[in-house]
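Examination of the molecular architecture
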Amino acid sequence: MEGASFGAGRAGGAIDPVDFLKQPQTILRVTTWIFSIVVFGCIVNECYVNKDSQTPMLHCIFNENESACSYGIAVGIIAFFGCIFFFVVDLYFQQISSVKDRKRAVLLDLGFSGFLSFLWFVAFCFLANQWQRTTMSIGVSQGADAARAAITFSFFSIIVWVALAVKALQRYRLGTDMSLFATDQFGAEPGAPYPGYPSGSGVESTDTYQSPPFTETLDTNPKGYQVPAY
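Quick notes on the state of the cysteines
Overall, the coordinates contain 1 disulfide when judged by the stated rule. Counting only cysteine sulfurs, C47 is the nearest neighbor of C42, a cysteine outside any disulfide, at a range of 6.6 Å.

What follows is the structure, encoded as structure tokens:
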């Protein structure tokens, strides 16, 4: 992108909603936002079951380990609100005029995406391990599909958040296009001469510059003047 700074155009440029929604980064954020809803929605709604018909108390379906359900819900909620926050940041990123602020936003995106990738990896391993140790019962069988869905989308979330971290790293490496701060009036080569002023600028170019009057060769015998003889 010409005149780009950390993957965005010049500050104050118009935002095209269609182009914004078509960006890979936006698609990834919406995707992981949906995955987070699926994970914590499945756990909250269907992963708390009765151990048997005679026990009214609800237990976590993952080997009756409350920490597994709590961790899955917590990561899902963090990812849910994190996606919303960075979606808004992406939407107004082009309006940020300060290069330092843009750099901070990209670094924050990179750090958060890497952190969420790690949290989802732990969630996937934790839930899958506890599910393997779960003893099947009537209550567990009723929420088995939801438990498998939570584990599956936890794994998919790892991939998407890693992809977001890679996109943020690419934007950071892209850095700042120095054409934002330099003009096109300088030559590309180190020894290239500076061009003259454009026509109509009110300043004469070097092509029309006249030598100073006192540097011209003076006529030693001007016309009409006679050297007196003594």
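From this point, the narrative continues.
Some points on a nonpolar patch on the surface
On the surface, V30, W33, I34, I37, I77, F81, I84, V88 and Y92 cluster together into a nonpolar patch covering about 760 Å² of accessible area. Mapped onto the nonpolar patch, the elements with two or more residues apiece are α2 (24-46) and α3 (66-92). Ranked by the residues each element gives to the nonpolar patch, the list is headed by α3, at 5 residues. Within the fold, Y92 resides in helix α3.

Description of the nonpolar core
Counting 36 residues, the largest nonpolar core has I43, I61, F62, L116, W120, W131 and W161 as the members making the most contacts within it. Elements with a contribution of two residues or more to this core: α2, α3, α4 (99-132) and α6 (144-174). The element contributing the most residues to this core is α6, with 10 residues.

Digging into unusual backbone geometry
Excluding glycine, a negative phi dihedral is what most residues carry, and trans is how most peptide bonds are arranged. A positive phi angle, near 60 degrees, is found at N63, a position not held by glycine. Mapped onto the secondary structure, N63 falls in the loop between β2 (58-60) and α3. With phi around 55 degrees, E64 is a residue other than glycine that occupies positive phi space. If you trace the backbone, E64 turns up in the loop between β2 and α3. Given a relative accessible area of 41%, E64 falls into the partly exposed group.

What counts and what doesn't
- Residues numbered from 1 in each chain as written.
- Predicted model: local features only at pLDDT ≥ 70, side-chain atom pairs only at ≥ 80, totals over all residues.
- Heavy atoms only, no water.
- Disulfide = S-S within 2.5 Å.
- Patch = residues over 30% accessible without salt bridge, like charges linked within 9 Å, V, L, I, M, F, W, Y side chains within 5 Å.
- Areas by Shrake-Rupley, 256 points an atom, 1.4 Å probe, with all protein chains shown as cover.
- Salt bridge = Lys/Arg side-chain N within 4 Å of Asp/Glu carboxyl O.
- Helix = DSSP H or I, 4+ residues; strand = E, 2+ residues; numbered from the N terminus.
- Core = buried A, V, L, I, M, F, W, Y, C linked by side-chain atoms within 4.5 Å.
- Buried < 20%, exposed > 50% of the residue type's maximum accessible area, 1.4 Å probe, protein only.

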